[in-house]
Amino acid sequence: MALQARAVLPSKWLAEAVKLQGKIRILDASWYLPKLRRNAKSEFKKRHIPGAAFFDIDQCCDKTSPLDHMLPSEKSFADYVGNLGIESDTHVVVYDASDFGAFSAPRVWWMFRVFGHSAVSMLNGGLRNWELEGRAVSDQYVRPTPTEYKASLNRSWIKTYEDILDNLDTKKFQVVDARPAGRFKGLDPEPRDNTEPGHIPGSVSVPFHSFLSQSGHFLPKEQLQALFARAGVDLSRPICVLCGSAVTACHVALAAHECGHQGVSVYDGGWSEWYTRAVPENVISEGRGKYL
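Cut-offs used in this document
- Residues numbered from 1 in each chain as written.
- Predicted model: local features only at pLDDT ≥ 70, side-chain atom pairs only at ≥ 80, totals over all residues.
- Heavy atoms only, no water.
- Helix = DSSP H or I, 4+ residues; strand = E, 2+ residues; numbered from the N terminus.
- Buried < 20%, exposed > 50% of the residue type's maximum accessible area, 1.4 Å probe, protein only.
- Contact = heavy atoms within 4.5 Å.
- Lys, Arg positive; Asp, Glu negative; His and termini not counted.
- Charge placed at Lys NZ, Arg CZ, Asp CG, Glu CD.
- Core = buried A, V, L, I, M, F, W, Y, C linked by side-chain atoms within 4.5 Å.
- Pairing = 2+ DSSP bridges.
- Salt bridge = Lys/Arg side-chain N within 4 Å of Asp/Glu carboxyl O.
- Axes fitted to C-alpha atoms, helices over the stretch in contact; angles between N-to-C directions.
- Parallel < 35°, antiparallel > 145°, perpendicular 65-115°, else oblique.
- Left-handed = near helix turned anticlockwise from the far one by under 90°.
- Nonpolar A, V, L, I, M, F, W, Y, C, P; charged D, E, K, R; others polar.
- Polar contact = N/O pair within 3.5 Å; in protein donor to acceptor, adjacent residues only side chain to side chain.
- Arc of directions from axis to C-beta.

## A closer look at the overall build of the chain
Line of reasoning, step 1. Broken down by element type, the chain carries 10 helices and 10 strands.
Line of reasoning, step 2. In terms of principal-axis extent, the alpha carbons of the chain reach across some 55 × 40 × 40 Å.
Line of reasoning, step 3. For the chain, the proportion of its 292 residues judged to be buried stands at 54%.
Line of reasoning, step 4. For the chain, the share of sequence-separated contacts (at least 6 apart) that also reach a separation of at least 24 residues comes to 78%.
Line of reasoning, step 5. Charged side chains in the chain number 34 positive and 33 negative. The centres of these two groups are separated by 3 Å.

Here's what the structure looks like:
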């Protein structure tokens, strides 16, 4: 679609845009790891940005896959998004309520983009800062009027297990892992059962929280560029990102986009799939690793 949007928006802009009642749909994209024992949908019902709808990545997904929240089909995405009252020219603004300021919102930002919707932005600072600034929240929800929505999947932005395996030899793209450094090194436990920590051979560690300031705001472009440079990531070359299940991986995609890189791909199966399918020598770890 032709309509473009700034990838990261300040809360002041959103507050003013809501008053003007333009063609905007705000989405609460909150999602939490089970160990946090937070129910994102229940929290949404109690407090959210006025006018927001809830986007559930565990519902808008491929429910036939054994892996968590894998991308849905074009039709499934179109049906889900249409039921949120979104059309092709709607400006979608996503946020989440995480204590980080952003956790799962970049995943939904990327989902819209990979399905051809470039008029999508993330609220900088999330609900955390929206509330700290004294802006209104609500427990009221009006179900949107369903629309007809068409999605077009950009398959070049998705990598499979086979793509990553081939890349061990071809090295056509850089692989950036957004999990915390301890999990990447193999020293800290993974949050999912039956999965040991470690990393893909040749991958680079850039933890997702590195892209956020202490206040929970996304870093400015110059700092993002410096962060990539320190990690040895070449923004002029192809990049594929991953994490445990391709949620916080999308922080890397958003950061690279802010730096002018338009074609970051996501390994949707993430470490969860890699650890399950890879041979032991392809699980690099300073800890236990993988044993048959």
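Next comes the rest of the account.
## Some remarks on the environment of K45
Line of reasoning, step 1. Inspection of the secondary structure puts K45 in helix α2 (residues 40-46).
Line of reasoning, step 2. By relative accessible area, which is 56% here, K45 ends up exposed.
Line of reasoning, step 3. K45 sits 137 residues away from G182 along the chain, and the two C-alpha atoms are 35 Å apart.

## Focus on the nonpolar core
Line of reasoning, step 1. With 63 residues, the main nonpolar core has L27, F55, F77, W110, F112, F211 and F218 as its most contacted residues.
Line of reasoning, step 2. Those elements that provide at least two residues to this core are α3 (74-82), β4 (91-95), α4 (105-114), β5 (120-123), α8 (221-231), β9 (239-242) and α9 (249-258).
Line of reasoning, step 3. Apart from residues lying up to four places away in sequence, L27 is in contact with A53, F55, L84, I86, V92, V93, V94, Y95 and F112.
Line of reasoning, step 4. With 16 residues, the next largest nonpolar core counts L9, F44, Y95 and L123 among its residues.

## Details of the sheet that holds strand β10 (residues 265-267)
Line of reasoning, step 1. The strand order β6-β10-β9-β7-β8 describes an open sheet built from five strands, whose pairing is parallel. Strands with a single pairing partner mark the edges of an open sheet, and in this sheet they are β6 (158-159) and β8 (204-205).
Line of reasoning, step 2. Strand direction decides the pairing type here: strand β7 (residues 174-177) and β8, joined by two bridges, are parallel. Residue pairing across strands places V176 opposite V204, the latter belonging to β8.

## Structural notes on the pattern of salt bridges
Line of reasoning, step 1. Scanning all chains against the criterion turns up 15 salt bridges.
Line of reasoning, step 2. Notably, a salt bridge pairs E196 with R288, separated by 3.8 Å at the nearest N-O pair. On the criterion of sequence distance, the pair formed by E196 in the loop between α7 (181-185) and β8 and R288 in the segment after α10 (270-277) is long-range, its members being 92 residues apart.
Line of reasoning, step 3. Where salt bridges share partners, they join D177, R179, R183 and E190 into one cluster.

## Topic: the sheet that holds strand β1 (residues 8-9)
Strand-to-strand pairing in sheets goes through backbone hydrogen bonds, with the strands running parallel or antiparallel.
Line of reasoning, step 1. On the basis of which strands lie adjacent, the open sheet formed by five strands has the order β1-β5-β4-β2-β3 and parallel pairing. Edge strands, defined here as strands with exactly one partner in the open sheet, are β1 and β3 (53-54).
Line of reasoning, step 2. Of the pairings in the sheet, the one linking strand β2 (residues 24-28) to β4 comprises five bridges and is parallel in character. Bridging across to β4, D28 finds its partner in Y95.
Line of reasoning, step 3. Here α4 sits on the sheet and contacts β2, β4 and β5; the angle it forms with β5, its principal contact strand, is near 175°.

## Thoughts on the packing of helix α6 (residues 161-170) against α10
Line of reasoning, step 1. With their axes 11 Å apart at the nearest point, α6 and α10 run at an angle of 70° to one another. Relative to α10, the element α6 is oriented roughly perpendicular. α10 is crossed by α6, and the crossing has right-handed handedness. Taken together, the residues of α10 that come into contact with α6 (itself represented by Y161, E162, I164, L165 and L168) are E273, W274 and R277.
Line of reasoning, step 2. Considered class by class, the residues forming the contact of α6 with α10 number five nonpolar, no polar and three charged.

## Observations concerning the side chain of S272
Line of reasoning, step 1. Note on placement: S272 falls in helix α10.
Line of reasoning, step 2. Under the relative-accessibility criterion, S272 is labelled buried at 13%.
Line of reasoning, step 3. A polar contact of 2.9 Å, which involves the side chain of S272, links it to the backbone oxygen of G244.

## Examining helix α1 (residues 11-20)
Line of reasoning, step 1. The set of residues buried in α1 consists of S11, L14, A15 and A17. Down the axis, α1 shows its buried residues gathered within 165° of arc, on one side only. Turned more than 90 degrees off the buried face of α1, the exposed positions are K12, K19 and L20.
Line of reasoning, step 2. Here the buried face of α1 lies against β1, β2, β4, β5 and α5 (126-132).
Line of reasoning, step 3. At the exit of α1 stands Q21, carrying a positive phi of roughly 55°.

## Observations concerning α10
Line of reasoning, step 1. Among the eight residues in α10, six count as buried, and that is most of the element.
Line of reasoning, step 2. For α10, every residue scored as buried is listed here: G270, W271, S272, E273, W274 and Y275.
Line of reasoning, step 3. The inward-facing, buried residues of α10 abut α6, β9 and β10.

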